[in-house]
Amino acid sequence: MFTPNTYLMNVMADAHRDDLLQEAQARRIALQLQKEQRQMNSRRLLTETTTITWRRRWQQLLVGTGLAATLLLNGCQPMVVPPTPVVQTEVAPAAAILTIKTSDYAFEAPTEINGGWVRIVQENVGQEPHHVQLARLNEGVTAEQFQAALQAGPNGALALVTLAGGPGVVDPAGRAAVTVYLEPGQYFLLCFVPDAMGMPHLAHGMIAPLTVGEIVAAAEPVAQAEVKFVDFSYVLPSPIVAGEQTWRIVDDGEQPHEMMLIKLAAGKTMADVQQWMMQPAGAPPFANVGGMQGIAHSATAYLHLNLEPGNYVALCHIPDPASGKEHMELGMVMPFQVE
């Protein structure tokens, strides 16, 4: 039976139910908002973390590859790369220059020099052709023993020394230059060129002592060509052109060798040279233009030249210990042309 009290109770129940429904709806909305907020926070955190991680990885990559740069995490800044440091490379100085004046019959030269690479320049101020042969006394050999052996002839004396090169024969007023490596020790300067009577200049007193001290670092010369000495011949570069040049000389033979250079006079041939050397009379059919004096087996030296066009001959006068013959008699003579 419907009564006012019943109606009021129904209204109050309906109101309470509506309140409960609204409260439940509000809780659902609040939960949904919290969920969405957490998702947004998670996405923001992931983005920030990823950004920081990649920036750090780029920093490590740039530093690891030598591109020093600073990346600021609070904004994009220009990358500054510091200049590459300049590495200072020590360059060895040029070889010391030893100038030797040759006259009839003496050497004008220092008595002491440092060892290592040395450029030796000969200036012939005499009236006859001259050369400068450097010879280092072997271990245990005295100067007196060597000089006594020279009295008996070159074969026995050469066995007591190691040939160290030197400027080859040049005519009066001529000039020649080589670069050789000198080990510390006691040396002699020698001139074996014969006079008009066939007597070597050293017999006239053209011999001088030279003491080589400690080695001083110097740059090895730069060569434009290479020449090899063999038993008994030469391996020459081809072609050979006129002008200033440096030849690297290597003794690949079992014996010491030299390379005297002569330039044939106009219209003269090798036959004229051979005839004159067998019977020297009058002016020679050639000019002495330097070369490399004797160097030991496996040695290396450098010959500095300024060649003019023409016909030349390379030859070796060093005697063979077994036969006593000069190497040129065994085939160590080679004509060549300079273009």
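Note that the structure is predicted; figures quoted are calculated from it, not measured. (Residues numbered from 1 in each chain as written. Predicted model: local features only at pLDDT ≥ 70, side-chain atom pairs only at ≥ 80, totals over all residues. Heavy atoms only, no water.)

## Here's the deal with the overall build of the protein
Assigned secondary structure in the protein consists of four helices and 16 strands. Counting every position in the protein, which comprises 339 residues, the buried fraction comes to 34%. On the protein, roughly 20100 Å² of surface is accessible, and the fraction owed to carbon and sulfur atoms is 57%. (Helix = DSSP H or I, 4+ residues; strand = E, 2+ residues; numbered from the N terminus. Buried < 20%, exposed > 50% of the residue type's maximum accessible area, 1.4 Å probe, protein only. Areas by Shrake-Rupley, 256 points an atom, 1.4 Å probe, with all protein chains shown as cover.)

## Some remarks on the pattern of salt bridges
For the structure shown, the criterion picks out three salt bridges. Salt-bridge contacts for Arg248 lead to Glu226; the nearest nitrogen and oxygen are separated by 2.6 Å. With Arg248 in strand E11 (residues 243-251) and Glu226 in strand E9 (residues 225-230), this residue pair connects regions lying 22 residues apart in the sequence. For Glu226, a relative accessible area of 34% puts it in the partly exposed group. Residues Asp252 and Lys228 are paired through a salt bridge, measuring 3.8 Å at the closest nitrogen-oxygen approach. Separated by 24 residues along the polypeptide, Asp252 in the loop between E11 and strand E12 (257-264) and Lys228 in strand E9 bring together distant segments of the chain. (Salt bridge = Lys/Arg side-chain N within 4 Å of Asp/Glu carboxyl O.)

## Let's talk about the packing of aromatic side chains
In this structure the tally under the stated criterion is seven aromatic pairs. Arranged with centres 5.5 Å apart and planes meeting at 80°, the rings of Phe229 and Tyr234 form a pair that is edge-to-face. Of the two residues, Phe229 and Tyr234, both sit in the buried class. Members of the aromatic cluster, each reached through a chain of ring pairs, are Trp117, Tyr181 and Tyr302. (Phe/Tyr/Trp six-rings, centres within 6.5 Å; stacked < 30°, edge-to-face > 60°.)

## Quick look at the layout of surface pockets
Reported here for the largest pocket is a volume of approximately 1500 Å³. Lining the largest pocket are 46 residues, with Phe192, Val193, Pro194, His317 and Glu326 positioned closest to its centre. Listing elements by their share of the lining of the largest pocket, those giving two or more residues are helix H2 (143-152), helix H3 (154-158), E12, helix H4 (270-278) and strand E13 (286-295). At six residues, the largest contribution of residues to the lining of the largest pocket is made by H4. Taken together, the residues that form the lining of the largest pocket break down as 30 nonpolar, eleven polar and five charged. As for the second largest pocket, its lining consists of 16 residues, of which Arg175, Val289, Leu305, Asn306 and Leu307 are closest to the centre. At the level of elements, strand E6 (175-182), E13 and strand E14 (300-307) are the ones that each hand at least two residues to the lining of the second largest pocket. A total of five residues in the lining of the second largest pocket trace back to one element, the largest contributor, which is E14. (1 Å grid on protein atoms, 1.4 Å probe; cavity = no way out; pocket = protein on both sides within 12 Å on 5 of 7 lines; lining within 4 Å. Points joined across faces, edges and corners; volume = space filled by probe spheres on them. Nonpolar A, V, L, I, M, F, W, Y, C, P; charged D, E, K, R; others polar.)

## Some details on the pairing of E14
Taken across its eight residues, E14 has six buried, putting it largely inside the fold. Looking at chain direction, E6 and E14 are connected through three bridges and run antiparallel. Across the sheet, Ala177 pairs through a bridge with His304, a residue of E14. Here eight bridges tie E11 to E14, and the two strands are oriented antiparallel to one another. Across the sheet, Gly243 pairs through a bridge with Leu307, a residue of E14. (Pairing = 2+ DSSP bridges.)

## Concerning the nonpolar core
In terms of nonpolar packing, the biggest core is built from 64 residues, with Leu134, Leu182, Trp247, Ile249, Met259, Leu303 and Phe336 touching the most fellow members. Sorting elements by how many residues they give to this core places E12 first, with five residues. The contact partners of Leu182, leaving out residues within four places of it in the chain, are Ile113, Gly115, Gly116, Val118, Leu134, Ala164, Tyr187, Val212 and Ile215. (Core = buried A, V, L, I, M, F, W, Y, C linked by side-chain atoms within 4.5 Å. Contact = heavy atoms within 4.5 Å.)

## Observations concerning H2
For an α-helix, the turn length of 3.6 residues means that residues three or four places apart are oriented alike. Every buried residue of H2 is accounted for by Phe146, Ala149 and Leu150. The buried side chains of H2 occupy one side of the element, clustering within an arc of 105° when seen end-on. Opposite its buried face, H2 presents the exposed residues Glu144, Gln151 and Ala152, each directed more than 90 degrees away. Its buried side turned inward, H2 meets strand E4 (133-137), H3, strand E5 (161-163), strand E7 (185-190) and strand E8 (207-215). (Arc of directions from axis to C-beta.)

## Description of the confidence of the model for the protein
For the protein, the mean per-residue pLDDT works out to 84, and 73% of the residues sit at or above 70. For residues 45-55, every residue scores under 50 in pLDDT, and the model assigns this stretch four contacts once sequence neighbours within four places are set aside. (pLDDT = per-residue confidence, 0-100.)

## Looking at the sheet that holds strand E15 (residues 310-315)
The four strands lie next to each other as E13-E12-E15-E16, forming an open sheet whose pairing is antiparallel. Each end of this open sheet is capped by a strand with a single partner; those strands are E13 and strand E16 (333-338). Averaged over all pairs of adjacent strands, the angle between strand axes in this sheet comes to 20°, irrespective of strand direction. Pairing of E12 with E15 involves four bridges; the strand directions are antiparallel. Paired with Leu261 across the strands is Ala314, a residue of E15. (Axes fitted to C-alpha atoms, helices over the stretch in contact; angles between N-to-C directions.)

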